[in-house]
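# Chain and residue survey
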Amino acid sequence: IGPAGAGKIARAVAQCQGLMHLNLSLNQIGDSGAQTLAHALSTCHSLTHLNLYGNGIGDLGAAHLADAVAACSALVHLDVTMNDIGAEGAQRLAVVVRGREEGQEGAKECRALVHHTLLGRRWCLGNGDAGCADRGEARGSGVVM
């Protein structure tokens, strides 16, 4: 769908307040599509799962997604594996995810899967999800590098 398609989906997401799962894997939305989508996600308070696997998202897109994760309180699963996210973007996501875990009482834990291209490893940014260890993924502690 590319960045233009991501914009159209973002407009729909902003109006769909009951949306819980969104899978946009392998759509090459890139950083600009991630930015557009992130803006809409910040108003979607019902979304629990977002899959952005393999979309050519880099550090800039990850930064926008991190802002959305901070605002989207129901989100518990974010998959951004197989993107172009480097150390800076992974760090930005890690800080937000960790902040949610240590945040307000009753806040839902969030798990973000990030494939770090420099390390060739998959990181699970989240402290309480045993599912990460069960799949042999490395755990991030908030400082990915």
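So, here's what we can say about the structure. Note that this is a predicted model, so its numbers are computed, not measured. (Residues numbered from 1 in each chain as written. Predicted model: local features only at pLDDT ≥ 70, side-chain atom pairs only at ≥ 80, totals over all residues. Heavy atoms only, no water.)

### Some words on a nonpolar patch on the surface
Definition in use: What goes into a patch is any residue over 30% in relative accessible area without a salt bridge, connected to like charges within 9 Å or, for nonpolar side chains (Val, Leu, Ile, Met, Phe, Trp, Tyr), within 5 Å. Reported accessibility uses the Shrake-Rupley method at a 1.4 Å probe radius. Residues are deemed covered only where the shown protein chains occlude them. Definition used for salt bridges: Asp or Glu carboxyl oxygen within 4 Å of a side-chain nitrogen of Lys or Arg. Going along the chain from the N terminus, every DSSP run of H or I of four or more residues is numbered as a helix, and every run of E of two or more is numbered as a strand.
On the surface, a cluster of nonpolar side chains totalling about 300 Å² of accessible area is made up of Leu26, Tyr53 and Met82. Tracing the backbone through its elements, the reader meets tyrosine 53 in the loop between strand 2 (49-51) and helix 3 (59-71).

### Brief notes about helix 2 (residues 30-41)
Going by this rule: By this rule, a helix spans an expected 1.5 Å times one less than how many residues it contains. Working definition: with a 1.4 Å probe on protein chains only, accessible area under 20% of the residue-type maximum means buried, over 50% means exposed, and in between means partly exposed. An arc is given here, and it is the one of the directions from the helix axis to the C-beta atoms. Here, two residues are considered to be in contact whenever any of their heavy atoms come within 4.5 Å of each other.
The terminal C-alpha atoms of helix 2 lie 16 Å apart, and with 12 residues this matches the ideal 16 Å at 1.5 Å per residue to within 8%. Regarding helix 2, the residues found buried are Gly30, Gly33, Ala34, Leu37, Ala38, Ala40 and Leu41. On an axial view of helix 2, the arc spanned by its buried residues comes to 160°, and they lie on one face. Turning to helix 2, the residues buried within the fold contact helix 1 (2-15), strand 1 (21-23), strand 2 and helix 3.

### Concerning the pairing of strand 3 (residues 77-80)
For the record, the criterion: Following DSSP output, two strands are said to pair if at least two bridges run between them. Here the term right-handed applies to a crossover when the path leading from its first strand over the helix to its second strand runs clockwise, the strands being oriented away from the viewer.
Alternating residues of strand 3 divide into His77 and Asp79 and Leu78 and Val80, and every residue in both groups is buried. Relative to strand 3, strand 2 is paired through 3 bridges, and the arrangement is parallel. Directly across from histidine 49, in strand 3, lies its bridge partner histidine 77. Note that the unit made of strand 2, helix 3 and strand 3 has a crossover that is right-handed.

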